[in-house]
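# Analysis of the macromolecular model
These are the residues of each chain, in order.
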Amino acid sequence: MPIPRATPLGLALVLAIISHTLITQNRLPLTREHQLKAAFLFDFTKFIKWPCESNCNSDSALNFCLIGLSPLTMTLEQIVNYKTVRGRKAAIRSIQDKSQLEGCHVLYIPQSKRQELSGILDAASGNNILTVSDIKHFTRYGGMIEFLVIDNKLRFSINLRAAKRENLVFSSQLLKLAITLSE
């Protein structure tokens, strides 16, 4: 029996079904780097104090927002699931654009949003949001914490001026771990 020939339309349909299945079953590949970044994101919150107006209500969640598509989303969900930070339930929110920042306490900005970085940081400004990214020179652009890979190890730098502008207080323990501090 001859094998049927694949048509371009048939091939496109099969690829669409496979892609949809992989996405809906959350089977996108995870890497060690993503796992470390997600763990760092969660741990950063243990060493940062937000101003009272955004952090005093222990009934409200501490919201980790990830803007756009990020491989960190699923990994962070696994780490944060059913945990608390400073007596508050931790929650993950996937947002699509800067207009959805209300209620965010931590904002991770992936490489895919590099072209929109300035607008995102402007929208976050004045809202006491910890901004974190692995975009090169993120702290120079006004972000607070930048992930760096140095000698195959995940490190981070901190922009204290940006944190102070948002009234976030970083513990000395966290500051000691940063490879660079800018003020």
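Each remark here, short or long, concerns the structure printed above.
What counts as what
Residues numbered from 1 in each chain as written. Predicted model: local features only at pLDDT ≥ 70, side-chain atom pairs only at ≥ 80, totals over all residues. Heavy atoms only, no water. Helix = DSSP H or I, 4+ residues; strand = E, 2+ residues; numbered from the N terminus. Disulfide = S-S within 2.5 Å. Buried < 20%, exposed > 50% of the residue type's maximum accessible area, 1.4 Å probe, protein only. Contact = heavy atoms within 4.5 Å. Core = buried A, V, L, I, M, F, W, Y, C linked by side-chain atoms within 4.5 Å. Phe/Tyr/Trp six-rings, centres within 6.5 Å; stacked < 30°, edge-to-face > 60°. Lys NZ or Arg CZ within 6 Å of the ring centre and 35° of its normal. Pairing = 2+ DSSP bridges. Axes fitted to C-alpha atoms, helices over the stretch in contact; angles between N-to-C directions.

## Description of unusual backbone geometry
- Here the phi dihedral of Asn128 falls at roughly 55°; this positive angle occurs in a residue that is not glycine.
- The topology assignment puts Asn128 in the loop between α5 (117–124) and β6 (130–133).
- The backbone phi angle of Asp151 is positive, close to 50°, even though this residue is not glycine.
- Along the polypeptide, Asp151 turns up in the loop between β7 (145–150) and β8 (153–159).

## A word on the state of the cysteines
- Applying the stated criterion to the full structure yields one disulfide.
- The residue that forms a disulfide with Cys65 is Cys104, at a sulfur-sulfur distance of 2.1 Å. On the S-S bond that ties Cys65 to Cys104, the torsion sits near -95°, and the link is left-handed. With Cys65 in strand β2 (residues 62–67) and Cys104 in the loop between β4 (88–95) and β5 (106–109), this residue pair connects regions lying 39 residues apart in the sequence.
- For Cys104, a relative accessible area of 4% puts it in the buried group.

## Brief notes about the side chain of Ser157
- Secondary-structure assignment places Ser157 in strand β8.
- Residues contacting Ser157, with those up to four places away along its chain left out, are Thr139, Met144, Ile145, Glu146, Leu148 and Thr180.

## Things to note about the nonpolar core
- Counting residues in each nonpolar core, the largest one holds 32 residues, and the members touching the most others are Phe44, Leu130, Ile145 and Phe170.
- Breaking this core down by element, the ones donating at least two residues are α2 (32–44), β2, α4 (72–80), β5, β6, β7, β8 and α6 (160–165).
- The residues contacting Phe44, other than those within four sequence positions of it, are Leu130, Val132, Ile145, Phe147, Phe156 and Leu174.
- Counting 14 residues, the second-largest nonpolar core is a separate cluster that includes Cys65, Leu101, Leu117 and Ile129.

## Things to note about the packing of aromatic side chains
- Going through the model one piece at a time under the given rule, you end up with six aromatic pairs.
- Between Phe44 and Phe156 the ring centres are 5.0 Å apart and the planes differ by 70°, which places this aromatic pair in the edge-to-face class. Taken together, the positions of Phe44 in helix α2 and Phe156 in strand β8 put the pair 112 residues apart, joining distant regions of the chain. No difference in accessibility class separates Phe44 from Phe156, as the two residues are buried.
- Of the aromatic side chains, those joined through ring pairs into one cluster are Phe40, Phe44, Phe147 and Phe156.
- Geometry around Phe42 places Lys83 over its ring, the cationic atom sitting 5.6 Å from the centre.

## Regarding the sheet that holds strand β3 (residues 84–85)
- Pairing within the open sheet is mixed, and its eight strands lie in the order β3-β4-β2-β5-β6-β7-β8-β10. Since the sheet does not close on itself, it has two edges, and those belong to β3 and β10 (180–182), each with one partner.
- With six bridges connecting them, β7 and β8 associate as antiparallel partners. Directly across from Leu148, in β8, lies its bridge partner Arg155.
- Of the strands in this sheet, β2, β3, β4, β5, β6, β7 and β8 are in contact with α2, which crosses β7 at around 145°.

## What to know about the pairing of β2
- Counted residue by residue, β2 has six buried out of six residues, so it is predominantly covered.
- Along β2, one buried face is formed by Leu62, Phe64 and Leu66 and the opposite face, lined by Asn63, Cys65 and Ile67, is buried too.
- Relative to β4, β2 runs parallel, the two being bridged by six bridges. Across the sheet, the residue bridging to Asn63 is Ala91, located in β4.
- As judged from the three bridges shared by β2 and β5, these two strands associate in the parallel manner. Directly across from Phe64, in β5, lies its bridge partner Val106.

These figures come from the coordinates and say nothing about function on their own.
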